[in-house]
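Examination of the molecular architecture
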Amino acid sequence: HGYIAMGLLSLVPASIAIAYLAQDRRFRKGMAQSDAIRCWMCVGSTLSFPLTCGFIGQHKRLNTLFADEIALAKGELSPSHLDRYFLILQLHLCWMAISFLLWQRVPAPPPP
């Protein structure tokens with residue numbers, strides 16, 4: 001349930017970050033295609049973060065729903081020490097950070 005809550009709580013900061021990106025001088029009409037790809041990659045990674053958290057929470061809930069608690073308590077099932085969903089979340093955060101750094105490298109146009 002923690003991933004779903006984190007996804008819901010991250011909706012507001014994601015919206016603020018996207019509004020910040022869209023209102024910056026770097027995000028303008030007629031920019032080069034490489035600059036547009038960087039800007040939209042940053043917007044896409046930020047926008048899809050709450051969705052990633054929701055999907056991770058849903059899959060973790062379904063996986064633990066069918067786990068036999070008695071077999072786990074007896075020691076017949078070994079708990080996994082590798083949380084692949086945490087790794088997916090970290091890779092998404094890395095995508096967000098890298099795309100933000102690439103967006104920061106887009107040269108700002110001169111002020112009007």
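Heads up: these notes are all about the structure in this document.

Quick word on the overall build of the protein
Broken down by element type, the protein carries 5 helices and 0 strands. N-terminal to C-terminal, the α/β element order of the protein is α-α-α-α-α. Within the protein, the proportion of its 112 residues that are buried is 28%. Taking all contacts inside the protein whose residues are at least 6 apart in sequence as the whole, residues at least 24 apart take part in 85%. Entry remark: accessible area of the protein is about 8,000 Å², with carbon and sulfur atoms responsible for 69%.

Observations concerning the environment of Ala5
Summarising the element assignment, Ala5 is placed in helix α1 (residues 2-9). Along the sequence, Ala5 and Pro50 sit 45 residues apart, while their C-alpha atoms lie 9.5 Å from each other.

Description of the side chain of Thr52
Relative to the assigned elements, Thr52 resides in helix α3 (residues 33-65). A polar contact is formed between the side chain of Thr52 and the side chain of His92, at a distance of 3.2 Å. Aside from chain neighbours lying at most four places away, what touches Thr52 is Ile88 and His92.

Side note on the nonpolar core
If you look at the biggest cluster of nonpolar residues, it comprises 8 residues: Ile18, Leu21, Met31, Ala36, Cys39, Cys42, Val43 and Trp103. Of all the secondary structure elements, the ones that give two or more residues to this core are α2 (11-23) and α3. Counting residues per element, this core draws most heavily on α3, which supplies 4 residues. If you look at the next biggest cluster of nonpolar residues, it comprises 7 residues, including Cys53, Ile56, Tyr85 and Leu89.

Looking at the pattern of salt bridges
Enumeration according to the criterion identifies 1 salt bridge in this entry. For the salt bridge of Asp24 with Arg26, the shortest nitrogen-to-oxygen distance reads 3.5 Å. Residue classification places Asp24 among the buried residues on the basis of a relative accessible area of 18%. Given the relative accessible area of 14%, Arg26 is considered buried.

Observations regarding the packing of α3 against helix α5 (residues 84-104)
It is the contact of α3 with α5, at a shortest axis distance of 9 Å, that shows an interaxial angle of 170 degrees. As the angle between them shows, α3 and α5 are arranged roughly antiparallel.

Side note on the side chain of Asp24
With respect to the helices and strands, the residue Asp24 is situated in the loop between α2 and α3. For Asp24, the side chain forms a polar contact with the main-chain nitrogen of Arg26, separated by 2.9 Å.

Procedures and definitions
Residues numbered from 1 in each chain as written. Predicted model: local features only at pLDDT ≥ 70, side-chain atom pairs only at ≥ 80, totals over all residues. Heavy atoms only, no water. Helix = DSSP H or I, 4+ residues; strand = E, 2+ residues; numbered from the N terminus. Buried < 20%, exposed > 50% of the residue type's maximum accessible area, 1.4 Å probe, protein only. Contact = heavy atoms within 4.5 Å. Areas by Shrake-Rupley, 256 points an atom, 1.4 Å probe, with all protein chains shown as cover. Polar contact = N/O pair within 3.5 Å; in protein donor to acceptor, adjacent residues only side chain to side chain. Core = buried A, V, L, I, M, F, W, Y, C linked by side-chain atoms within 4.5 Å. Salt bridge = Lys/Arg side-chain N within 4 Å of Asp/Glu carboxyl O. Axes fitted to C-alpha atoms, helices over the stretch in contact; angles between N-to-C directions. Parallel < 35°, antiparallel > 145°, perpendicular 65-115°, else oblique.

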